[in-house]
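This is what each chain is made of:
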Amino acid sequence: MPTRSQAPTTRPEAADDTPVLRIDSLNTAFQTRFGPVEVVNDASLTVHAGESVAVVGESGSGKSVTALSVMGLLESTGEVTHGSIRLRDRELVGLSNRAYRAVRGRDVGMIFQDPTTCLDPVYTIGHQVTQAIRVHADRGRRAARERAVELLTMVGIPDPASRMSAYPHELSGGQRQRVMIAIALACGPDLLIADEPTTALDVTVQAQILDLLRRTRRELGTALLLITHDLAVVSEVAERVVVMYAGQVVEQGPVADVLTAPRHPYTAALLRSVPPAVTDRSTRLRVIEGTVPSPHTMPDGCRFAPRCAHVMDRCVTEQPPLVAAPDGRDRRSRCWLADTDTPPAGSAPGTRATTEVPR
Amino acid sequence: MIPETAPVESPHDAEPPSGQPLLRVNGLTKHFPVRGGMLRPLAGTVRAVDDVSFEVRGGETLALVGESGCGKSTTGRLVLGLLRPTGGTVRYSGRDVTRMRGAELREHRRRMQIVFQDPFSSLDPRLNVGGIVGEGLAIHRMGTPSERRGRIAELLTLVGLSPRDAGRFPHQFSGGQRQRIGIARALATSPEFLVCDEPVSALDVSIQAQIINLLRDLQHERGLGYLFISHDLNLVRHIADRVCVMYLGEIVESAPTEDLFRDPRHPYTRALLAAVPRLDAHSRPPERVGLTGELPSPANPPEGCRFRPRCPRAVPESATARPALTEVAPGHTVAACPCFN
């Protein structure tokens, strides 16, 4: 595997303390027939160099739009209306399209859920990886090609030199996602954004891709911002987690803390609705009643209040801020309960029995 | 490990939840021809389902699990009589589905229905909910129009919607609500058996739990048999009585759910279980990825044990003969590959 020093671009040393990505009270809105709709509201998060952060939420939580806002890939009707997105020291909000093109691919790589639609069906994968290198790095055709083979080897494409001439349809879903990762890493970005990278894949292939993402981070030091709906995937890959609900960050903190002792009732309910890893057909699955509110009819107070089991009068009228937890660890939650010291009960997945798989 | 016993004909010795098998599938095989263009009219065959046998009793849930392309959905369609098998039989209440024609096949389809994976593409956007749910009633000429309206209202209430929803259209509903409509549609003709083809994999986790609970309640109330097709082992563990693991068109292991998860025997089953991401992964050392490579093409399956090219334990003898299903514990059968020894 190539080391960082062989990567084509030089970049600031990881030693400096500036986060790779810092999103501050971001609002993103889309123009619709019924007026502007705010899809992301007051979202803040940071990713430090080499760190792996997961954004988790259900559909409509705003997690993908947050990622697209960072990449400047919002549709023409979408716009960042408030807040700042800083990549190292550079403000990305308000950047021209031209300037953004230099950021995408070089400083930030991105992979998407569906590798089939992201690769161009009429070009060979060799051409596409080579192109990704040559757009940003001043390399000759031959050098770019060598680097492409190196990248394909790194992401685990068997027999990469001959696979260079294969077209996307000749590869399986997992292989295509590997090619996408190779393209995203082509210029040695500081940050890799992965939006549901394994959702379209089978579970055995998912395990391989998650392993590749872990390895990439360990060996290249690329920071990872992972967007997912799957809490187990978060547990497998991330160090810190940001939980989003209805466009807002409702909780964030170290994965081990958030998944074992959630402070926001939504996180707790989400954890409870995951089928436990025990064979017990007598118990019903715990559900979160109701559905995510539509952006047109957001509740005035806490956005989770209509579905919350711990709802109080105050929750319905006043929106809670995202506040740091009193225990001083790097945790925040958006809940009036955080004032009191009682975390929502009955949610520790650590107490679940697990099955050892003999091998 | 595997006792030297003859391949078993009927692997289901476990105590049935109730009565006789409602569905008995024997040696089911489906090959799809691959057309190669004008000069090569037949380029090969995809062996989508190859000699698959299982039984489901009334009130029982049998899960078919496996990766995409393993033949689990094709099996579901064969059972429904939506596809004609290349070989083997599907007997439902003692009658052979594969030989049914005309009125008899229509009656079979009334008694066995399907819930599809994608609640967005499986509901006709031009019909209102009443039309979608009532379509089966009209086709099977069940009741007068006013009786059908009453039945539609009843069904919508049953799945947790409101009778008023009958006049609305699918696009006005969320994914979870649409799946409820899909379930109401499937239940309209009072079937005894549902094929559930990945019924919740398109839904959010919190909504998945709602739909799974609904399916379970319906099973308890009506004694429905389910053929539950899924790739999600966590979910299967929660809903199935028995599990059949499929790989490249074959069943490689079949067992009561608890036995399968407690004591998986086939290397593929073990790899599949090991690959499931775990909520407590952050607190344990990262596991080695057990399985390399991906599912080979079913058009050209490996000789002998089909799992051999990806199997961490493969031995040369694995290539010689197709492993026969062997009973290793009551109700627990496994394709006994030579690599077990």
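Conventions we followed
Residues numbered from 1 in each chain as written. Chains lettered and ligands numbered in written order. Predicted model: local features only at pLDDT ≥ 70, side-chain atom pairs only at ≥ 80, totals over all residues. Heavy atoms only, no water. UniProt positions renumbered as here; feature names shortened; annotations may be inferred. Axes fitted to C-alpha atoms, helices over the stretch in contact; angles between N-to-C directions. Helix = DSSP H or I, 4+ residues; strand = E, 2+ residues; numbered from the N terminus. Parallel < 35°, antiparallel > 145°, perpendicular 65-115°, else oblique. Left-handed = near helix turned anticlockwise from the far one by under 90°. Contact = heavy atoms within 4.5 Å. Polar contact = N/O pair within 3.5 Å; in protein donor to acceptor, adjacent residues only side chain to side chain. Salt bridge = Lys/Arg side-chain N within 4 Å of Asp/Glu carboxyl O. Buried < 20%, exposed > 50% of the residue type's maximum accessible area, 1.4 Å probe, protein only. Buried area = accessible area lost by both parts, 1.4 Å probe.

Per an unreviewed UniProt entry, chain B goes by the name ABC transporter ATP-binding protein and belongs to Halostreptopolyspora alba. Here chain B is described in UniProt, under the heading Sequence similarities (unreviewed entry), as follows: "Belongs to the ABC transporter superfamily."

The name that an unreviewed UniProt entry assigns to chain A is ABC transporter ATP-binding protein, with the source organism given as Halostreptopolyspora alba. Regarding chain A, the relevant UniProt record gives this comment under Sequence similarities (unreviewed entry): "Belongs to the ABC transporter superfamily." Reading the Subcellular location (unreviewed entry) entry of the UniProt record for chain A gives the comment "Cell membrane".

A.B. asks: It is not clear to me how the packing of helix H4 (residues 125–136) of chain A against helix H5 (residues 141–154) of chain A should be interpreted in this structure. Could you clarify?
C.D. replies: When two helices pack together, their arrangement is given by the angle between the helix axes and the distance between those axes. Residues and elements named next belong to chain A. Close contact between H4 and H5 brings their axes to 9 Å; oriented N to C, the two are set at 115°. On the basis of their axis angle, the class for H4 and H5 is roughly perpendicular. Between H4 and H5 lies a crossing whose hand is right-handed. Of H5, the residues touching H4 (which contributes Ile125, Val129, Thr130, Ile133 and Arg134) are Arg141, Ala144, Arg145, Arg147, Ala148, Leu151 and Leu152.

A.B. asks: Hey, could you run me through the side chain of Thr98(B) in this one?
C.D. replies: Residue and element names in this part refer to chain B. Take Thr98: it is sitting in the loop between strand S5 (95–96) and helix H2 (102–111). There is a polar contact of 2.6 Å between the side chain of Thr98 and the side chain of Asp96. In this structure, Thr98 is in contact with Arg84, Pro85, Gly88 and Val90, ignoring residues within four places of it in sequence.

A.B. asks: Can you help me understand the pattern of salt bridges in this one?
C.D. replies: A full pass over the atoms with the stated rule returns 34 salt bridges over all chains. A salt bridge links Arg86(A) to Glu91(A); the shortest N-O distance between them is 3.6 Å. Given a relative accessible area of 33%, Arg86(A) falls into the partly exposed group. Two residues, Arg168(B) and Asp165(B), come together in a salt bridge whose shortest N-O distance is 2.9 Å. Residue Asp165(B) is classed as buried on the basis of its relative accessible area, which comes to 9%.

A.B. asks: What is the right way to read the interface of chain A and chain B from this model?
C.D. replies: Accessible area lost during the coming together of the parts is what is often quoted as the interface size. Contact residues are listed per partner, giving 55 residues for chain A and 48 residues for chain B. Interface of chain A and chain B: buried area, both sides summed, is about 4,500 Å²; carbon and sulfur atoms make up 52% of it. Our enumeration of links across chain A and chain B arrives at one salt bridge. Asp217(B) is the salt-bridge partner of Arg284(A), the closest N and O atoms lying 2.5 Å from each other.

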